[in-house]
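Working through the structure, step by step
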Amino acid sequence: RKLRAAVIGGGPAGSSAAESLASGGVETFLFERSPSTAKPCGGAIPLCMLEEFDLPSGLVDRRVTEMKIISPSNLTVDFGKTLRPHEFIAMLRREVLDSFLRARAESRGAELITGLVTDLELPGSSASPYVVHYTSGGLRRSIAVDVVVGADGANSRVAKSIGAGDYSYAIAFQERIRLPDEKMKYYENLAEMYLGDDVSPDFYAWVFPKCDHVAVGTGTVRSKREIRAYQRGIRERVRPKIQGGEVIKVEAHPIPEHPRPVRVRGRVALVGDAAGYVTKCSGEGIYFAAKSGRMCGEGIVRASEGGARMVGEEDLRREYLREWDDRYVTTYRVLDLLEKVFYGSNWGREALVELCGGEYVQRISLESYMYKRLVEGDRWEGVKMAANTAVTLARCKIMGREMRRLKAAA
């Protein structure tokens with residue numbers, strides 16, 4: 001018989017893995033406990049994802065061409081001056097994207113099982129199957145498979161089953177707010193990012209436009225218990241712009257802060273949030289979830305020769321994990337460094353916003369984000385940017401110290 005795979009979780013990571021597996025000849029079961037819901041998410045995806053994953057334009061709610069970054073002192077920078085006429089950041093709703101990707105995986109031959117996976121029974125030998133235990137329609141069921149892809153989010157049951165280790169995580173909290181027409185017009189193609197201790201001690205807050213509402217939210221790693229206070233902070237910062245709006249949905253979800261210590265063990269591979277593939281600094285996860293799922297699925301297809309042979313741990317490491325790390329580990333390290341430099345204090349955030357006003361910084365940042373590659377910049381411009389960064393950080397640190405002294409004196 002053909003190789004049999006279970007994909008646990010039907011978000012972008014799981015659906016993309018299931019599509020690749022089924023298209024490549026592997027018998028595929030895609031488990032999703034609640035197809036009608038989706039992870040709370042800002043919903044921004046890079047331009048390259050539309051083409052790379054063949055996403056129809058109808059999924060996109062808003063084409064953002066204007067971005068504002070607002071510092072703790074309310075210094076505002078327009079971050080989008082270098083966008084070309086055809087470029088934009090796509091905003092969509094996760095429930096719409098997830099439903100589309102699951103349906104496409106089904107059309108390629110994956111069997112969608114609506115059910116909650118309760119346990120993953122590990123094999124006693126290299127030739128024995130994994131047994132997935134789940135509940136569906138009020139009944140307890142099980143299915144034996146050869147390989148498992150864990151795409152079940154930050155609280156991954158699959159990761160726990162294989163002892164993949166823990167990781168730091170952030171809490172993201174957002175409200176979807178339906179605005180009066182005249183205020184929604186302001187956010188028609190505009191996204192905003194707010195920085196400051198009042199909205200997050202180690203991340204940023206956002207206002208992202210959707211089809212008929214905006215998503216207003218924030219996140220934090222260090223102060224999870226204070227997340228509602230930070231949400232009040234962002235609401236206060238944007239109060240004149242959202243006044244008169246109606247909260248139609250409140251959402252919260254954990255977001256991983258770094259990859260898990262173990263992402264492949266035996267014939268089990270983790271992808272997406274389950275693997276910890278959310279970038280520091282930007283908090284982006286949708287593209288990397290879908291990409292990791294696709295790379296993992298394609299890797300299993302290659303290793304199994306189209307589902308004709310059994311795969312092992314070394315196959316998964318060679319065809320998926322090493323390929324992933326070779327392509328993206330540098331990106332994660334760079335963004336981790338940027339977060340440590342700029343997000344730890346208000347003076348660091350002020351410096352970040354100032355630097356984002358430069359066209360060279362904008363071009364390098366946007367091209368890296370939209371096309372998912374580290375851009376080779378001009379060497380002389382890079383030297384000037386480094387020098388300007390050092391000067392700006394030093395100046396903002398001095399200003400921050402003086403502001404604290406004045407407040408203490410008052």
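A brief structural summary. Remember, predicted model here, so these are calculated numbers, not experimental data. (Residues numbered from 1 in each chain as written. Predicted model: local features only at pLDDT ≥ 70, side-chain atom pairs only at ≥ 80, totals over all residues. Heavy atoms only, no water.)

**Observations regarding the overall build of the chain**
- Tallying secondary structure elements over the chain gives 13 helices and 19 strands in all.
- Its C-alpha radius of gyration of 22 Å places the chain within 12% of the 22 Å reference for a compact globule of 410 residues.
- If you line up the chain on its principal axes, its C-alpha atoms span 75 × 50 × 45 Å.
- For the chain, the residues scored as buried account for 54% of the 410 residues in total.
- Counting contacts in the chain only where the partners sit at least 6 residues apart, residues at least 24 apart contribute 72% of the total.
- Carbon and sulfur atoms make up 51% of the accessible area of the chain, which amounts to about 18300 Å² in all.
- Counting 61 positive and 54 negative side-chain charges, the chain places the centres of these two groups 3 Å from one another. (Helix = DSSP H or I, 4+ residues; strand = E, 2+ residues; numbered from the N terminus. Rg over C-alpha atoms; globule rule 2.2 N^0.38 Å. Buried < 20%, exposed > 50% of the residue type's maximum accessible area, 1.4 Å probe, protein only. Contact = heavy atoms within 4.5 Å. Areas by Shrake-Rupley, 256 points an atom, 1.4 Å probe, with all protein chains shown as cover. Lys, Arg positive; Asp, Glu negative; His and termini not counted. Charge placed at Lys NZ, Arg CZ, Asp CG, Glu CD.)

**Some points on the pattern of salt bridges**
- Per the counting criterion, the structure on display carries 29 salt bridges.
- The salt bridge involving D198 is made with R237; its shortest N-O contact spans 3.0 Å. Placement of the pair is D198 in the loop between β14 (190-194) and β15 (205-209) and R237 in helix α6 (residues 227-237), with a sequence separation of 39 residues.
- Three or more residues joined by partner-sharing salt bridges are found here, namely R302, R309, D315, R318 and E319. (Salt bridge = Lys/Arg side-chain N within 4 Å of Asp/Glu carboxyl O.)

**Structural notes on empty space enclosed by the protein**
- Counting across every chain of the model gives one cavity of 30 Å³ or more.
- Counted as a void, the largest cavity has a volume near 50 Å³.
- Around the largest cavity, the lining residues are A170, I171, A172, F203, G219, T220, I255, E257, V278, T279 and G283.
- Broken down by secondary-structure element, the contributors of at least two residues to the lining of the largest cavity are β13 (169-178) and β16 (214-220).
- Of the residues forming the lining of the largest cavity, the biggest block, three residues, is contributed by β13.
- Its residues placed into classes, the lining of the largest cavity shows six nonpolar, four polar and one charged. (1 Å grid on protein atoms, 1.4 Å probe; cavity = no way out; pocket = protein on both sides within 12 Å on 5 of 7 lines; lining within 4 Å. Points joined across faces, edges and corners; volume = space filled by probe spheres on them. Nonpolar A, V, L, I, M, F, W, Y, C, P; charged D, E, K, R; others polar.)

**Brief notes about the nonpolar core**
- Of all hydrophobic cores here, the largest spans 104 residues; its most connected members are F31, L55, V132 and Y320.
- Take this core: its biggest share by element is 10 residues, from helix α9 (residues 286-303).
- With sequence-adjacent residues up to four places away left out, Y320 is seen in contact with V264, A269, L270, V271, Y277, S292, M295, C296 and D315.
- Of all hydrophobic cores here, the second largest spans 15 residues; its members include M184, A205, V207 and V214. (Core = buried A, V, L, I, M, F, W, Y, C linked by side-chain atoms within 4.5 Å.)

Geometric values such as these leave the question of function open.
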